[in-house]
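Structural overview
Listed below, chain by chain, are the residues.
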Amino acid sequence: MRIPSLISVTAALLMTAVDSLAQTSSPAPTYSYADLADRALAAPVALVVTVTDAIRVEPERAPGLKTGHARLFIEATANRLIRGPNDIPPLIRYLVDVPLDARGKVPKLKKGTMLLLARTVPGRPGELQLIAQDAQLPLTPETEQRVRAILTEALRADAPPPVTGITSAFHVAGAIPGEGETQIFLSTRDNRPISLNVLRRPGQEPSWSVALTEVVDEAAQPPERDTLLWYRLACGLPRSLPDAAVADLDPSAAEAARADYGFVLERLGQCSRSRPVRRS
């Protein structure tokens with residue numbers, strides 16, 4: 001076993017990846033859809049493994065280790081590759097920081113099945129670097145299914161790109177009081193168009209939809225919760241409409257556009273995260 005070599009080469013990488021991400025003391029931490037998407041979308045490798053050995057690294061050889069945690073050198077066998085290169089070796093090695101239990105003991109990982117969200121270490125076959133301190137996930141059928149669904153959506157040609165901001169908003173009042181339509185145009189990482197559309201009619205609940213093309217489809221609908229499009233919007237949109245987006249509107253139209261944007265945010269709901277953010 002090349003433990004000293006792996007520790008010395010990988011420790012700096014681990015420090016960069018973990019930043020200041022916190023750990024929960026729960027032996028089976030829960031991950032919201034946003035938690036999983038944050039990590040899965042950033043990980044070039046998603047791999048199910050069975051831990052064959054877990055060796056505690058001496059604290060003096062674990063720089064940056066948080067109080068109440070232990071750094072472990074893990075050896076594992078690869079079971080199922082969800083995402084990543086096909087030449088992943090059958091034997092895997094990586095470092096992970098885990099919280100100690102209530103008695104100050106290291107939790108038992110040996111023989112446990114884990115889902116890793118990681119990257120390969122260049123020039124070191126079989127060595128992985130977790131993309132975050134908590135990117136070793138205890139495997140459950142639900143967790144694997146959700147990660148697979150996220151990555152499957154992300155690989156589609158029409159997958160929604162990350163939202164980077166709002167470029168402009170327009171509001172047109174209707175012919176009768178209480179009627180109006182707002183369009184809000186978003187900027188995205190790859191410059192593909194996304195727009196939000198809100199329609200109000202007197203005596204009816206406002207309706208809204210999202211368009212992923214320059215042409216607004218009349219059949220367009222709001223995204224379902226816990227889908228990639230929902231994640232891109234709920235977790236990527238600013239909490240208020242920027243002043244620059246309505247700078248060319250008259251005050252009443254700007255007020256209506258802001259109200260409609262607030263309506264969209266309300267309907268999207270919170271981007272619920274149970275742990276610090278690790279964006280893709």
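First, a word on what this report is: a plain description of the structure on this page. Keep in mind that what you see is a predicted model, and the values were worked out from it rather than measured.

For the rest of this paragraph, the subject is the state of the cysteines. One covalent bond between the sulfur atoms of two cysteine residues makes up a disulfide. Applying the stated criterion across every chain, the model contains one disulfide. Across the disulfide, cysteine 235 is cross-linked to cysteine 271 (sulfur-sulfur distance 2.0 Å). Its S-S torsion of approximately 95 degrees makes the covalent link between cysteine 235 and cysteine 271 right-handed. On the criterion of sequence distance, the pair formed by cysteine 235 in the loop between helix H4 (228-234) and helix H5 (251-268) and cysteine 271 in the segment after H5 is long-range, its members being 36 residues apart. The same class applies to cysteine 235 as to cysteine 271, namely buried.

Within this structure, the stated rule accounts for three aromatic pairs. Here the aromatic rings of tyrosine 33 and tryptophan 230 are separated by 6.2 Å at their centres, their planes lie at 75 degrees, and the arrangement is edge-to-face. Taken as a pair, tyrosine 33 in helix H2 (residues 33-40) and tryptophan 230 in helix H4 lie far apart in primary sequence, 197 residues in all. For the pair tyrosine 33 and tyrosine 231, a centre-to-centre distance of 6.4 Å together with 65 degrees between the ring planes defines the contact as edge-to-face. Of this pair, tyrosine 33 sits in helix H2 while tyrosine 231 sits in helix H4, and the two are 198 residues apart along the sequence. Summarising the burial analysis for this pair, tyrosine 33 and tyrosine 231 share the class buried. Grouped by ring-pair contacts, the aromatic residues Tyr33, Trp230 and Tyr231 constitute a single cluster. Residue placement shows arginine 200 over the ring face of phenylalanine 263; its charged tip is 5.7 Å from the ring centre. Arginine 275 extends its terminal NZ or CZ atom over the ring of tyrosine 31, reaching a point 4.1 Å from the ring centre.

The next point concerns the sheet that holds strand S10 (residues 207-211). Taking strand neighbours across the sheet as the criterion, the four strands line up as S7-S8-S9-S10 in an open arrangement whose pairing is antiparallel. Edge strands, defined here as strands with exactly one partner in the open sheet, are strand S7 (163-173) and S10. Sheet twist, expressed as the mean angle between neighbouring strand axes with direction ignored, is 15 degrees. As paired strands, strand S9 (residues 194-200) and S10 are joined by five bridges and run antiparallel to one another. Residue pairing across strands places serine 195 opposite alanine 211, the latter belonging to S10. Most of the contacts of H5 go to S9, to which it runs at about 105 degrees, and overall it touches S7, strand S8 (180-188), S9 and S10.

Quick notes on the rules
- Residues numbered from 1 in each chain as written.
- Predicted model: local features only at pLDDT ≥ 70, side-chain atom pairs only at ≥ 80, totals over all residues.
- Heavy atoms only, no water.
- Disulfide = S-S within 2.5 Å.
- Helix = DSSP H or I, 4+ residues; strand = E, 2+ residues; numbered from the N terminus.
- Buried < 20%, exposed > 50% of the residue type's maximum accessible area, 1.4 Å probe, protein only.
- Phe/Tyr/Trp six-rings, centres within 6.5 Å; stacked < 30°, edge-to-face > 60°.
- Lys NZ or Arg CZ within 6 Å of the ring centre and 35° of its normal.
- Pairing = 2+ DSSP bridges.
- Axes fitted to C-alpha atoms, helices over the stretch in contact; angles between N-to-C directions.
- Contact = heavy atoms within 4.5 Å.

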